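# Reading the structure
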Amino acid sequence: MVAAWNRWDLSGIIKHWSPDIVHYSEDNEVSSADMVKLMEGGLKAFPDLQLEMKSIMAEEDRVALRITVTATHQGEFMGVQPTGQRVSWHLVEELRFVDGKVVEHWDVINMRPLLVRLGKLPDVPKVVLEASA
């Protein structure tokens, strides 16, 4: 599935999904149709998107992935017109498999680095972030 993402091949990703897959983004259920729309929108805004696997853990029927995404902002995203800037963000995915197909998908996305780069959030120095922890 990651290789399909890095080829920008949505059908290559979807073929790994069970017909009754359930998606959760930040613990909110998302339909497969809406998930596909989100993926399509992401590829329109960031057509050269690449996923770098930082770690993969598997146990029984579950796989967890820690991923860094890098891309160039080439399409409108969250009201920001294309900037041509190189951006990155981070995500964690958990997948549950049955008979080789994904039946449950959870994601948690840290878009803070992307939003700072696009000017949607202020850049808070690391020292301030550590002091508030």
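The structure we're discussing is the one just above.
Just so you know, these numbers come straight off a predicted model, no measurement behind them.

## Quick look at unusual backbone geometry
- Within the chain, E26 stands out as a residue other than glycine whose phi angle is a positive 55 degrees.
- With respect to the helices and strands, E26 occurs in the loop between β1 (17-25) and β2 (28-30).
- Positive phi values are uncommon outside glycine, yet D99 reaches one of about 50 degrees.
- Looking at the secondary structure, you find D99 in the loop between β5 (86-98) and β6 (101-110).

## Comments concerning the sheet that holds β6
- Spatially, 6 strands are ordered β2-β1-β6-β5-β4-β3 in an open sheet, and the strand pairing comes out mixed. In this open sheet, the two edge strands, each paired with only one partner strand, are β2 and β3 (50-59). The average undirected angle you get between the axes of adjacent strands in this sheet is 25 degrees.
- As defined by bridge partners, strand β4 (residues 62-72) adjoins β5 across 11 bridges and the pair is classed as antiparallel. In the strand pairing of β5, V63 is matched with L95.

## Describing the pairing of β1
- Pairing analysis gives 5 bridges linking β1 to β6, with the strands arranged parallel. The residue bridging Y24 from the neighbouring strand is W106, located in β6.
- Alignment of β1 against β2, held across 3 bridges, turns out to be antiparallel. Its bridge partner being in β2, S25 is matched across the sheet by N28.
- In sequence, β1 turns back onto β2 through a hairpin of 2 residues, with E26 there showing a positive phi of about 55 degrees.

## A word on the packing of aromatic side chains
- Across all of its chains, the model carries 3 aromatic pairs by this definition.
- With 5.7 Å between their ring centres and 15 degrees between their planes, Y24 and W106 make a pair best called stacked. Of this pair, Y24 sits in strand β1 while W106 sits in strand β6, and the two are 82 residues apart along the sequence.
- When its relative accessible area of 21% is taken as the criterion, Y24 is described as partly exposed.
- Taken together, a centroid distance of 5.1 Å and an interplanar angle of 55 degrees make the contact between F46 and W89 tilted.

## Some details on the side chain of E104
- Following the sequence through the fold, E104 ends up in strand β6.
- Within the structure, the side chain of E104 is placed 2.8 Å from the side chain of R96, a separation counted as a polar contact.
- E104 has contacts with I21, V22, R62, E94, L95 and R96, leaving out every residue within four places of it along the chain.

## Here's the deal with the environment of F77
- For F77, the position within the fold is in the loop between β4 and β5.
- Accessibility expressed as a relative area gives 15% for F77, which makes it buried.
- Taking C-alpha positions, F77 is 8.7 Å from F46, a pair spaced 31 residues apart along the chain.
- Sequence-distant contacts of F77, defined by excluding residues within four places in its chain, comprise A45, F46, M111, L114 and L118.

## Details of helix α3 (residues 32-45)
- For α3, built from 14 residues, the straight-helix expectation of 20 Å at 1.5 Å per residue is met to within 8% by its first-to-last C-alpha distance of 20 Å.
- Those residues of α3 that fall on the buried side of the exposure criterion are M35, V36, M39, G42, L43 and A45.

The rules behind these values
- Residues numbered from 1 in each chain as written.
- Predicted model: local features only at pLDDT ≥ 70, side-chain atom pairs only at ≥ 80, totals over all residues.
- Heavy atoms only, no water.
- Helix = DSSP H or I, 4+ residues; strand = E, 2+ residues; numbered from the N terminus.
- Pairing = 2+ DSSP bridges.
- Axes fitted to C-alpha atoms, helices over the stretch in contact; angles between N-to-C directions.
- Phe/Tyr/Trp six-rings, centres within 6.5 Å; stacked < 30°, edge-to-face > 60°.
- Buried < 20%, exposed > 50% of the residue type's maximum accessible area, 1.4 Å probe, protein only.
- Polar contact = N/O pair within 3.5 Å; in protein donor to acceptor, adjacent residues only side chain to side chain.
- Contact = heavy atoms within 4.5 Å.
- Expected span 1.5 Å × (residues − 1).

Read these as geometric descriptors, not functional statements.
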